[in-house]
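What follows is the residue order along each chain.
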Amino acid sequence: MIISKNLYKAGYLTVFILALAIAAWRMPAYASRMPWLLTMAIADLYLFWHLSSGGIINKPWLRKVLVFITGLPSALLMLFFLSLAFLSPVDWNPILRTYLLGFVVFFYLIRLMPLLVLILFDLRKSITQLARKSFHLANKRVWLKISAVFSAILGIAMIMGMTLWVYDFEIIEEEIHIENLPTAFEGYRIVQLSDIHLGRWHSQKPLQKAVEMVNSLDADLIAFTGDLVNYATSEALPFTETLSSLSAKDGVFAVLGNHDYGDYMRWPNAHAKEMNDTLMNNVIKGMGWFLLENRNVKLFRDKQCIVVAGTGNYSDNEHYPDRSDVRLSLAGIPDSCKVILLTHTPSIIGPELLQKQHVDLILSGHTHGLQLGLKVGKRKYSPASIIYQYWGGLFSIENNGQGKSYIYVNRGLGHIFFPFRIGMKPEITLLTLKSMKE
């Protein structure tokens, strides 16, 4: 019996490692995440060992259910990864791919609290045995019951996040007060969208709703700050007609995000990758959007103007190149001009960027607010704040005596990693330019 269990564990880990190797080969940008997934596989075996020993759960039927739940997420993940030996991620039906990976995350997260309880009590047991003290199993069972309650609450919240909140679009309005704003642009209305991630939308209906909400805002300009798709441009093709109906007086201006360059999967050859990039440019152009890839344009009202600039995607990750050129993005702009800069990731924002040229308003996205947060009054809190200095909402910084720069980070319209939103609704931002208050 012990031999068969050990063979099971060895076989399980072997297949899981093979699946991870295939995934790392097919999706090299995710290679750095594979050790974390291997840790999850080891956690599976740890939980299986506890459940099969019978020391915690006395009822055989309940043990079988929990063993099934323990093995299910990794089985689904291995199914997806092993399939990548023959298919690319975009060969999967996008709905099936989204919810298969979504359920993997769901099951991993709801068992996290009981897993931590087991680990802590096993460490305590080891320490007490070394100290020749008694260890009480009853305490472990109490804490496991408490952790099960937390897991149930988390599971309910995640289900609501998938079914109720994931397409519950929120319009967030902010006024941006700019010093010496040209009078012709007083009250100028900018609608910002970001991180649509079309590869994870299950139908046209919610996107059509979002477009109608945007068009109802009577925007002077619509700014899209990157991540139209997940893996490949082909994911956008079913939605181009809907997005083409976005309307603003001065048009729709866009920059590309890290997912828009096709760097998250391995292409058959360089030509296929080049064709994907060409298709992205054609899709943007075909929808009537203006792509600002390291360039800028002047917008005129009554012979007064402001400048809208955009960068390629900034990256400090070795798996996808840095395509930003801020110097080129801001080239030829007179010092007296008011500048709005579109750039996908807020990580580009720093003293070096603002020293190149005074930028009045920077629009960014990328963070999604981790699709998880808590709102207290007018303030929002999110674990994203641990990772990003500018993670969501409006920020202002003093720019070396050149005046104040504003940074707005949109929390995204779509979703990635997991098809849910909890306390961090998908966002449509309305920014209104105003003169600086005296």
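The coordinates are above.
Residues numbered from 1 in each chain as written. Predicted model: local features only at pLDDT ≥ 70, side-chain atom pairs only at ≥ 80, totals over all residues. Heavy atoms only, no water.

### Brief notes about the sheet that holds strand S4 (residues 252–255)
Sheet architecture is open: six strands sit in the order S1-S14-S2-S3-S4-S5, paired in mixed fashion. Across the chains shown, the open sheet's two edge strands, defined by having one partner strand only, are strand S1 (170–178) and strand S5 (289–291). Here the strands of the sheet are splayed against their neighbours by 25° on average, with no regard to which way each runs. As paired elements, strand S2 (residues 189–193) and strand S14 (residues 427–435) share four bridges and run antiparallel to each other. Bridge pairing in S14 places Gln192 opposite Thr429. Against the sheet, helix H7 (residues 204–215) contacts S1, S2, strand S3 (221–225) and S14, and its axis sits at roughly 15° relative to S14. (Pairing = 2+ DSSP bridges. Helix = DSSP H or I, 4+ residues; strand = E, 2+ residues; numbered from the N terminus. Axes fitted to C-alpha atoms, helices over the stretch in contact; angles between N-to-C directions. Contact = heavy atoms within 4.5 Å.)

### With respect to the environment of Gly373
With respect to the helices and strands, the residue Gly373 is situated in the loop between strand S9 (361–364) and strand S10 (374–376). Taking the C-alpha atoms as reference points, Gly373 and Met424, separated by 51 residues in sequence, lie 5.3 Å from one another.

### Re the packing of helix H2 (residues 34–53) against helix H3 (residues 60–83)
For the pair H2 and H3, the least separation of the axes is 10 Å and the interaxial angle reads 160°. As the angle between them shows, H2 and H3 are arranged roughly antiparallel. For the element pair H2 and H3, the recorded crossing hand is left-handed. Taken together, the residues of H3 that come into contact with H2 (itself represented by Leu37, Asp44, Leu47, Phe48 and Leu51) are Arg63, Leu66, Val67, Thr70, Ser74, Leu77 and Phe81. Here the contact of H2 with H3 is composed, by residue class, of eight nonpolar, two polar and two charged. (Parallel < 35°, antiparallel > 145°, perpendicular 65-115°, else oblique. Left-handed = near helix turned anticlockwise from the far one by under 90°. Nonpolar A, V, L, I, M, F, W, Y, C, P; charged D, E, K, R; others polar.)

### Observations regarding a nonpolar patch on the surface
Residues Leu109, Leu112, Met113, Leu116, Ile119, Leu120, Leu123, Val142, Trp143, Ile146, Phe150 and Leu154 make up a contiguous nonpolar surface patch of about 1100 Å² in total accessible area. Among the secondary structure elements, those contributing two or more residues to the nonpolar patch are helix H5 (112–130) and helix H6 (137–165). Here the nonpolar patch takes six residues from H5, the largest share from any one element. Within the secondary structure layout, Ile119 lies in helix H5. When its relative accessible area of 33% is taken as the criterion, Ile119 is described as partly exposed. (Patch = residues over 30% accessible without salt bridge, like charges linked within 9 Å, V, L, I, M, F, W, Y side chains within 5 Å. Areas by Shrake-Rupley, 256 points an atom, 1.4 Å probe, with all protein chains shown as cover. Salt bridge = Lys/Arg side-chain N within 4 Å of Asp/Glu carboxyl O. Buried < 20%, exposed > 50% of the residue type's maximum accessible area, 1.4 Å probe, protein only.)

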